[in-house]
Amino acid sequence: MTSTAPAPLSIAPATGRLGVLTPGLGAVASTFIAGVLAARSGQAAPIGSITQMAHIRLGHREEGRNPLIREFVPLASLDDLVFGGWDPISANALEAARVAGVLEQGDLSSIAAELEGVVAMDAVFDQRWVSRLEGTRVKDLPSKWDMALALIDDIERFRSENGCERLVMVWCGSTEAYQEASAVHDSVEAFEAGLKASDANIAPSQIYAYAALQSGVPFANGAPNLAVDIPCMRELSRRRGVPIAGKDFKTGQTLMKTLIAPGLKARMLGLRGWYSTNILGNRDGEVLDDPENFKTKESSKLGVLDTILQPEDYPDLYGNIDHVVRINYYPPRGDNKEGWDAIDIFGWLGYPMQIKIDFLCRDSILAAPIVLDLALFMDLAARAGQSDVQEWLSFYFKAPQPATELEPEHDLFIQQTKLKNTLRQWMGEQPVTHSEAG
Ligand SMILES: NC(=O)c1ccc[n+]([C@@H]2O[C@H](COP(=O)([O-])OP(=O)(O)OC[C@H]3O[C@@H](n4cnc5c(N)ncnc54)[C@H](O)[C@@H]3O)[C@@H](O)[C@H]2O)c1
C-alpha cells in the first residue's frame, strides 16, 4: 500500500539573529551559554543536543536517507544566537558560571569576555516565592502590571540593541513555591486585572511569560512551577500566535526513570516500588530544601511512573507501587549530584528482583543541551506558524504540558518518535512507523 506524503508546512527561513532570553542566569543558563560559545568556536562538540547531533531517517529504510536534523529542518545556526537574561543575584553569565562551579576555569578562560558581556537585567523577583534567596538586582516598581511593562521594555531594548530578527524565552529561574491555579489565571482579562491589582497569586514566572507572549516571543518553562500551564497563558498564546511548552527539564533521575520504566513494561515485568533519593549542593538544591519549593518539584517527578505504566490497564503488574522521591541539600557536592534508585521488580511466578542505580550525574551538563534544543525548536515552531502547547517537545520535560484533556506521553521513546514524526510531517515527509512494510 502506498500513501501520499503530507503537504509540507510553510516555514519562514531562519534568517538573522535569534536572541535567547533566560529569566534566571544561574548554573543551567550559564552552562548552556558557555557550551554554545565553545561549540561555535570549535572547542567542543554540542554533546546531548538533538538539534545539533541527531540524524533523522526519511522514507523507506532502503532509500538510505538519514540527514542530520539541522540539515533537514531550517533551524537557526549557533552562529546566529545572542544571549540575554534576568537574575536577582548573578551580575553576568561569567559570574554565574564561576559561582555555579559546573565548568572548570580552563574551559571558561577562552570565552570569559563573551560570558561577561551577557549582563543580567534586573529581575522581577519576590522572595515570597523563593524563600531561600535574597535578591538585590530587582525591579522596584509599584505594581505587577508595571513590572510586566518593564519586562516588555527590556525585551524590546534587547531586540533592537542586538539586532535580533526573532527572540525566544526559556525559564531557567529557580523553582517557585507550590501553587494551584486560581481565578486570576482563568482568562487573559482576569490576569491583566490581577497584574494591576498586584494579586498575590501571580508569581514572577507568570509575569515573564505574560511579557514574552505579549511581545510575540515563544516561552518554554524549564522549572516545575506554573508559568504557561494556566488557562490565561494558553489563551494569550493562541491570540498572539506564539508557541509555549513546559515543564521542568527532564534530566538526572527522571531521565533514568523514563528510560527504564518503558523497558520493564515492554517486557511485562512487575513493579512493586521505586525509591529515589539524591544529594545535591548547588543553589537549586538550596532552593529545593524549602518544603514549599520541593513540593512543586515532587509533584512534577511523581507523575512519571503512573503515566508510563498505566496501572489501570495492568493492575497485576503496576496496581500497587510505592513511589518515593527525596532530594537532600548537601553542599559538598555542588552541581555534581548523586542519585540512588532502589527499584523493586517482580517476574515469572511473582519472584522478586532488585535493580540499584547509582547515577553520579552533572545536572547542568544534562540540562544545557535541552535549553539549546528548546530554543531552536520553539523558534522553528514560531516560524512554522504554530501556537499554544507544543506537545511534540514533551521529550524534553519531566512533566510535559498537555495540549488536550489527555495525559501527555512520558515514555522517552514514544516522545522521541513523536518529535521526529512531527518534524517529518512539517517538512512533507511520511511518518516512520517501523512496521515490516517500512
Ligand atoms: N539542572 C537540572 O538538571 C534541572 C532539571 C530540571 C529543572 N531544573 C530547573 O531549572 C532551574 C534552574 O536550575 P539551576 O541549576 O540553574 O539553578 P540556579 O539556582 O543555579 O539558577 C537559578 C537562577 O534563577 C535566579 N532566579 C530566581 N528567581 C528569579 C526570578 N524571579 N527572575 C530571574 N531569575 C531568578 C536565581 O537567582 C538563580 O541565579 C531551576 O528551577 C531548576 O529546578 C534544572
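The residue numbering used here restarts from 1 in each chain and proceeds along that chain's sequence as written. Since the coordinates come from a predicted model, pLDDT governs what is reported: local features require at least 70, and pairs of side-chain atoms require 80 or more to be given and counted, while whole-chain, interface and lining totals use all residues.

Caption draft 1: Molecular detail of the domain arrangement of the protein chain. Here the bounds of each domain stem from an automatic or database domain assignment. The domain architecture assigned to the protein chain consists of domain 1 (17–249 + 365–426) and domain 2 (253–360). Placing the centre of domain 1 and that of domain 2 at their C-alpha centroids yields a distance of 26 Å. At the junction of the two partners, domain 1 supplies 25 residues and domain 2 supplies 26 residues. Looking at the side of domain 1 that touches domain 2, its residues break down into 12 nonpolar, seven polar and six charged. Think of it this way: build a C-beta for each residue from its backbone, and any pair within 7 Å is a contact. Here the nonpolar group is Ala, Val, Leu, Ile, Met, Phe, Trp, Tyr, Cys and Pro; Asp, Glu, Lys and Arg are the charged ones; every other residue, Gly included, is treated as polar.

Caption draft 2: Quick look at the packing of helix 7 (residues 144–161) against helix 9 (residues 204–214). What counts as an axis is a line fitted to C-alpha atoms, over the stretch in contact for a helix, and the angles between N-to-C directions run from 0 to 180 degrees. Where helices and strands are cited, they refer to DSSP runs of H or I of at least four residues and of E of at least two residues respectively, numbered from the N terminus. In contact at an axis separation of 9 Å, helix 7 and helix 9 are set at 50° when each is read in the N-to-C sense. If you check the angle between helix 7 and helix 9, you find them oblique. Note that helix 7 runs across helix 9; the crossing there is right-handed. Packed against helix 7, whose contacting residues are Lys144, Met147, Ala148, Leu151, Ile152 and Ile155, the element helix 9 presents Ile207, Tyr208, Tyr210, Ala211 and Gln214 at the interface. Grouping the amino acids of the contact of helix 7 with helix 9 by side-chain chemistry returns nine nonpolar, one polar and one charged. Angle categories are assigned with fixed cut-offs, so that under 35 degrees is roughly parallel, over 145 is roughly antiparallel, 65 to 115 is roughly perpendicular, and the rest are oblique. In this scheme the crossing of two helices becomes right-handed for a clockwise turn of the near helix relative to the far one and left-handed for an anticlockwise turn of less than a right angle.

Caption draft 3: Looking closely at the site of the ligand. Nearness here is judged by the C-beta atom: place it from the backbone, and if it falls within 6 Å of a molecule or strand, the residue counts as near that partner. Taken together, 36 residues form the shell around the ligand, and within it Gly24, Gly26, Val28, Ala223 and Arg283 come nearest. Take the shell around the ligand: its biggest share by element is four residues, from helix 15 (residues 363–383). Grouping the amino acids of the shell around the ligand by side-chain chemistry returns 20 nonpolar, 11 polar and five charged. Shared between two domains, the shell around the ligand takes at least three residues from each, and those domains are domain 1 (17–249 + 365–426) and domain 2 (253–360).

Caption draft 4: Structural context of unusual backbone geometry. The residue after Gly246, namely Lys247, is reached through a cis peptide bond having omega -10°. Secondary-structure assignment places Lys247 in the loop between strand 6 (243–246) and helix 11 (252–266). The backbone of Met268 shows a phi angle near 55°, a positive value even though the residue is not glycine. Mapped onto the elements of the fold, Met268 is located in the loop between helix 11 and strand 7 (270–280). Exposure classification rests on a simple neighbour count of other C-beta atoms within 10 Å of a residue's own: a residue reaching 20 or more is buried, one at 12 or fewer is exposed, and one in between is partly exposed. C-beta atoms are placed from the backbone. Given 10 C-beta atoms within a 10 Å radius, Met268 is considered exposed. One non-glycine residue, Gln310, lies in positive phi territory at about 50°. By C-beta crowding, Gln310 is classed as partly exposed, having 13 other C-beta atoms within 10 Å.

Caption draft 5: Seen up close, the environment of Asp146. With respect to the secondary-structure elements, Asp146 resides in helix 7. In this structure, the C-alpha to C-alpha distance between Asp146 and Ala100, residues 46 residues apart in sequence, is 31 Å.

Caption draft 6: Inspection of the pairing of strand 6 at higher detail. Side-chain alternation along strand 6 places Pro243 and Ala245 on one buried face and Ile244 and Gly246 on a second face that is also buried. Pairs of strands are assigned from DSSP output, requiring at least two bridges between the strands. Here strand 5 (residues 219–221) runs beside strand 6; their pairing, made up of three bridges, is parallel. The residue of strand 6 that forms the bridge with Ala220 is Ala245. Seen with the strands pointing away from the viewer, any crossover whose path from the first strand over the helix to the second strand runs clockwise is right-handed. At this point the chain moves from strand 5, through helix 10 (residues 231–240), to the parallel strand 6, and the crossover so formed is right-handed. Summarising the sheet, strand 6 and strand 11 (residues 388–389) pair through two bridges and their orientation is parallel. Each bridged residue has a counterpart across the sheet, and for Pro243 the counterpart in strand 11 is Asp388.

Caption draft 7: Local environment of the sheet that holds strand 10 (residues 352–360). Pairing is mixed in the open sheet, where four strands are placed in the order 8-7-9-10. This sheet does not close on itself; its edge strands, each paired only once, are strand 8 (322–329) and strand 10. The sheet shows a mean angle of 10° between the axes of neighbouring strands, direction not considered. Along the sheet, helix 11 makes contact with strand 7, strand 9 (338–346) and strand 10, crossing strand 9 at roughly 20°.

Caption draft 8: Summary view of the pairing of strand 9. Inspection of the sheet shows strand 7 paired to strand 9 by nine bridges, in the antiparallel sense. When the sheet's bridge partners are listed, Tyr275 is paired in strand 9 with Ala342. Inspection of the sheet shows strand 9 paired to strand 10 by nine bridges, in the antiparallel sense. Bridge pairing in strand 10 places Asp344 opposite Gln354. Between strand 9 and strand 10, which pair antiparallel in sequence order, lie five residues; one of them, Leu349, sits at a positive phi of approximately 65°.

Caption draft 9: Geometry of helix 7. Expected span of a helix: the number of residues minus one, times 1.5 Å. Helix length check: helix 7 (18 residues) gives 25 Å between terminal C-alpha atoms against 26 Å at 1.5 Å per residue, within 8%. Along helix 7, the positions that sit buried rather than exposed are Lys144, Met147, Ala148, Leu151, Asp154, Ile155 and Arg159. Seen end-on, helix 7 carries its buried residues on one side only, within an arc spanning 130°. For helix 7, the exposed residues lying more than 90 degrees away from the buried face are Glu156, Arg157, Ser160 and Glu161. Looking at the buried side of helix 7, the elements it contacts are strand 1 (17–23), strand 3 (120–121), strand 4 (164–171), helix 8 (188–196) and helix 9. Positive backbone phi, approximately 55°, marks Gly163, located one or two places after helix 7. Directions are taken from the helix axis to each C-beta atom, and the arc is the one they span.

Caption draft 10: Examining the sheet that holds strand 3 more closely. With parallel pairing, the seven strands of this open sheet are ordered in space as 3-2-1-4-5-6-11. Two strands bound the open sheet, and with one partner strand each, they are strand 3 and strand 11. Strands strand 1, strand 4 and strand 5 of the sheet are contacted by helix 9, whose axis makes an angle of about 160° with strand 4.

Caption draft 11: Quick peek at helix 4 (residues 93–100). Of all the positions in helix 4, only Ala93, Leu94, Ala96, Ala97 and Ala100 are classed as buried. Along the axis of helix 4, the buried residues cluster in a sector spanning 160°; they form a single face. If you follow the buried residues of helix 4, they end up packed against helix 1 (27–40), helix 5 (105–108), helix 6 (112–116) and helix 15. In the stretch just after helix 4, Gly101 is the one whose phi turns positive, near 70°.

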